[in-house]
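The primary structure of each chain is shown beneath.
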Amino acid sequence: MLADVGLMLLRGVTGLLFAGHGLQKLAGWFGGHGLAGTGQWMESVGLRPGRLWAAVAGAAETVGGLLLVLGAVTPVAGALLAAVMVTAIARVHWPHGLWVHAGGAEHALVNLAVAVALALVGPGRYAVDAVWSVPVPAVPAILAGLAAGLVVGVGVPVAVRIARPTAGQAA
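Thresholds applied
Residues numbered from 1 in each chain as written. Predicted model: local features only at pLDDT ≥ 70, side-chain atom pairs only at ≥ 80, totals over all residues. Heavy atoms only, no water. Helix = DSSP H or I, 4+ residues; strand = E, 2+ residues; numbered from the N terminus. Rg over C-alpha atoms; globule rule 2.2 N^0.38 Å. Buried < 20%, exposed > 50% of the residue type's maximum accessible area, 1.4 Å probe, protein only. Contact = heavy atoms within 4.5 Å. pLDDT = per-residue confidence, 0-100. Expected span 1.5 Å × (residues − 1). Phe/Tyr/Trp six-rings, centres within 6.5 Å; stacked < 30°, edge-to-face > 60°. Salt bridge = Lys/Arg side-chain N within 4 Å of Asp/Glu carboxyl O.

**Structural notes on the overall build of the protein chain**
(1) Moving on: Helix and strand content of the protein chain: 7 helices and 0 strands.
(2) Moving on: Taken from N to C terminus, the helices and strands of the protein chain fall in the order α-α-α-α-α-α-α.
(3) Moving on: The C-alpha atoms of the protein chain give 17 Å as radius of gyration, which agrees with the globular expectation for 171 residues (16 Å, within 12%).
(4) Moving on: Dimensions along the principal axes, computed over C-alpha positions, put the protein chain at roughly 65 × 35 × 30 Å.
(5) Moving on: Here the protein chain holds 171 residues, and 41% of them are scored as buried.
(6) Moving on: For the protein chain, restricting intrachain contacts to residue pairs at least 6 apart in sequence, the fraction spanning at least 24 positions comes to 63%.

**What about the side chain of Thr87?**
(1) Moving on: Within the secondary structure layout, Thr87 lies in helix α4 (residues 74-93).
(2) Moving on: The class of Thr87 is buried, set by a relative accessible area of 11%.
(3) Moving on: Thr87 has contacts with Leu47, Val92, Gly149, Val152 and Gly153, leaving out every residue within four places of it along the chain.

**A word on the environment of Ala108**
(1) Moving on: Looking at the secondary structure, you find Ala108 in helix α5 (residues 106-121).
(2) Moving on: Measuring from C-alpha to C-alpha, the distance between Ala108 and Met85 comes to 5.8 Å, with 23 residues separating the pair along the chain.
(3) Moving on: Not counting residues up to four positions away in its chain, the partners in contact with Ala108 are Met85, Ile89 and His93.

**Thoughts on the confidence of the model for the protein chain**
(1) Moving on: Here the protein chain averages 90 in pLDDT, while 92% of its residues score no lower than 70.
(2) Moving on: Averaged pLDDT values for the elements of the protein chain fall to 80 in helix α7 (residues 138-163) and rise to 98 in helix α1 (residues 2-27).

**Concerning α5**
(1) Moving on: Over its 16 residues, α5 extends 22 Å from the first C-alpha to the last, a length consistent with the 22 Å expected when each residue adds 1.5 Å.
(2) Moving on: Of the positions making up α5, those classed as buried are Ala108, Asn111, Leu112, Val114, Ala115, Val116, Leu118 and Ala119.
(3) Moving on: Remark: Gly122 follows α5 within two positions and exhibits a positive phi of approximately 100 degrees.

**With respect to the packing of aromatic side chains**
(1) Moving on: The final tally for this structure, using the stated rule, is 1 aromatic pair.
(2) Moving on: Look at Trp29 and Phe30: their rings are 6.2 Å apart centre to centre, the planes differ by 85 degrees, and that puts the pair in the edge-to-face class.

**A word on the pattern of salt bridges**
Charged atoms that come close allow side chains of opposite charge to pair.
(1) Moving on: Enumeration according to the criterion identifies 3 salt bridges in this entry.
(2) Moving on: Residue Glu43 pairs with Arg48 through a salt bridge whose shortest N-O separation is 3.3 Å.
(3) Moving on: Since its relative accessible area comes to 29%, Glu43 is described here as partly exposed.
(4) Moving on: A residue is classified by how much of its surface remains accessible, and Arg48, at 30% relative accessible area, is partly exposed.

In structure tokens, the structure reads:
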């Protein structure tokens, strides 16, 4: 029983923080920059078109976070959040090393680990999944989320660079 309470607490705090972060991107709530500002920043880290990727990341964080809070289709929630965290690690944090004080991947790695662990372990007894379960296999869902994050975080910027040569390169 205490394990179920612990899982509910972990889902609730983590899910609400992810949802809030998504709403910063989508609506500018909680001190965020909304789609326009986040889209400009996404462009600056090589994700083009920035507004589209801001909407995708914001929606994944908001929906994934709320699903996590509810403990509903938890493997899908974990996959959505894992995709965003892998993208963030690949595009933003990796060049700065591990520790967060230097802009590194530490915080994003913790968020990634929590999302994946909850997807693999399950949401516990006090969750929508415990009452009304849609069978989603956790391992394939998480692998899909991790792959999506790598494609967006690594593949999209490389493809954009190839498609749009920088000044001084032959077209």
